[in-house]
Amino acid sequence: MDNGEGFTPVGERQGWQGRVVSLSVAEIRAPDGSIHEREIVRHPGAAVMVPLDGQEVIMVRQYRAAVNREMLEIPAGKLDSKDEPPEVTAQRELEEEIGKRAGQLELLAVFHNSPGFCDEITHCYLATELIDTDRHPHGIEEQHMAIERIKLADVPDLVASGELVDAKSIVGLMLARERLG
């Protein structure tokens, strides 16, 4: 794999392991031969979905401890199992969070969330032909989240007003708008 302009990883040590993420310190050789340390958060990755019902997107509003506030977001979930394909994670998370399954799931993009410090990769899907299922919330945040509908046409205004500030949601919603024309 080309790491760009002669930068080469030469070592890594894990500094901390949590339930979801870990923190490593990587040693990187620069093109001039010097060695530099970089802290890297290791994350299993995620699947995010833009569940479209007509002209509306079904979103969730949930508490996020890292920013100590509720956030308006598209449904999402960690790639918990290495054996579970991202599209299976996407369907499971739709059921858990909004009580729907997608009859059609289209991959819109795969992107790095914050490559300056984290290796998380997100698989972003457009979910259509929604089918009602039982909702199966996991975790305290999901048990207290609210389900909200927004018009896809209102996304730019929600971003401009600061109501929508979650990056994965902005990316997914803008990609969906572009895909749907």
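Model, not experiment: these values are computed from the prediction.

Colleague: Help me understand the nonpolar core in this model?
Modeller: Taken as a class, soluble globular proteins show a tendency for nonpolar side chains to be buried jointly. Judged by nonpolar contacts, the single largest core of 20 residues is most densely connected at Val50, Val57, Met59, Ile74, Ile150, Leu164 and Leu173. Those elements that provide at least two residues to this core are β4 (46-53), β5 (56-64), β8 (100-112), β9 (121-132), α3 (155-161) and α4 (167-180). Residues contacting Met59, with those up to four places away along its chain left out, are Leu72, Glu73, Ile74, Ala146, Ile147, Glu148, Ile150, Leu164, Ser169 and Leu173. Ala47, Val60, Leu79 and Leu94 belong to the second largest nonpolar core, which has twelve residues in total.

Colleague: Just to check I follow, could you spell out unusual backbone geometry for this structure?
Modeller: Only a minority of non-glycine residues have a phi that is not negative, and only a minority of peptide bonds are not trans. Positioned with a positive phi, Asn68 is a non-glycine residue whose angle comes to about 50°. With respect to the helices, strands and loops of the structure, Asn68 is situated in the loop between β5 and β6 (69-73). Phi is positive for Glu129, close to 55°, though the residue is something other than glycine. Within the fold, Glu129 resides in strand β9. A relative accessible area of 53% places Glu129 in the exposed class.

Colleague: Would you take a moment to explain the sheet that holds strand β3 (residues 35-42) for this structure?
Modeller: Adjacent strands of a sheet pair through backbone hydrogen bonds, lying either parallel or antiparallel. Taken in spatial order, the three strands make up an open sheet running β1-β2-β3, and their pairing is antiparallel. Whereas interior strands pair on both sides, the edge strands pair on one side only; in this sheet they are β1 (8-17) and β3. Each neighbouring strand pair of the sheet contributes to a mean axis angle of 25°, computed without reference to strand direction. Bridging between strand β2 (residues 22-29) and β3 involves eight bridges; their strand directions are antiparallel. In the sheet register, Ser24 faces β3, and the bridge partner there is Ile40.

Colleague: Teacher, can you tell me more about the pattern of salt bridges here?
Modeller: Where charged atoms from two side chains of opposite charge come close, those side chains can pair. Enumeration over the complete set of coordinates arrives at 17 salt bridges. For Arg13, the salt bridge goes to Glu37, with nearest N and O atoms at 3.3 Å. Of the two residues, Arg13 sits in strand β1 while Glu37 sits in strand β3, which places them 24 residues apart along the sequence. In this structure Arg13 comes out as partly exposed when scored by relative accessible area, which is 44%. Arg61 is the salt-bridge partner of Glu163, the closest N and O atoms lying 2.6 Å from each other. Taken together, the residues Glu163 in the loop between α3 and α4 and Arg61 in strand β5 connect sequence positions 102 residues apart. Residue class for Glu163 comes out partly exposed when judged on its relative accessible area of 30%. Residues joined in a network through salt bridges with shared partners are Asp80, Glu84, Arg92, Glu93 and Glu96.

Rules of the game
Residues numbered from 1 in each chain as written. Predicted model: local features only at pLDDT ≥ 70, side-chain atom pairs only at ≥ 80, totals over all residues. Heavy atoms only, no water. Core = buried A, V, L, I, M, F, W, Y, C linked by side-chain atoms within 4.5 Å. Buried < 20%, exposed > 50% of the residue type's maximum accessible area, 1.4 Å probe, protein only. Helix = DSSP H or I, 4+ residues; strand = E, 2+ residues; numbered from the N terminus. Contact = heavy atoms within 4.5 Å. Pairing = 2+ DSSP bridges. Axes fitted to C-alpha atoms, helices over the stretch in contact; angles between N-to-C directions. Salt bridge = Lys/Arg side-chain N within 4 Å of Asp/Glu carboxyl O.

Honestly, that's just the spatial picture; any functional story needs more than this.
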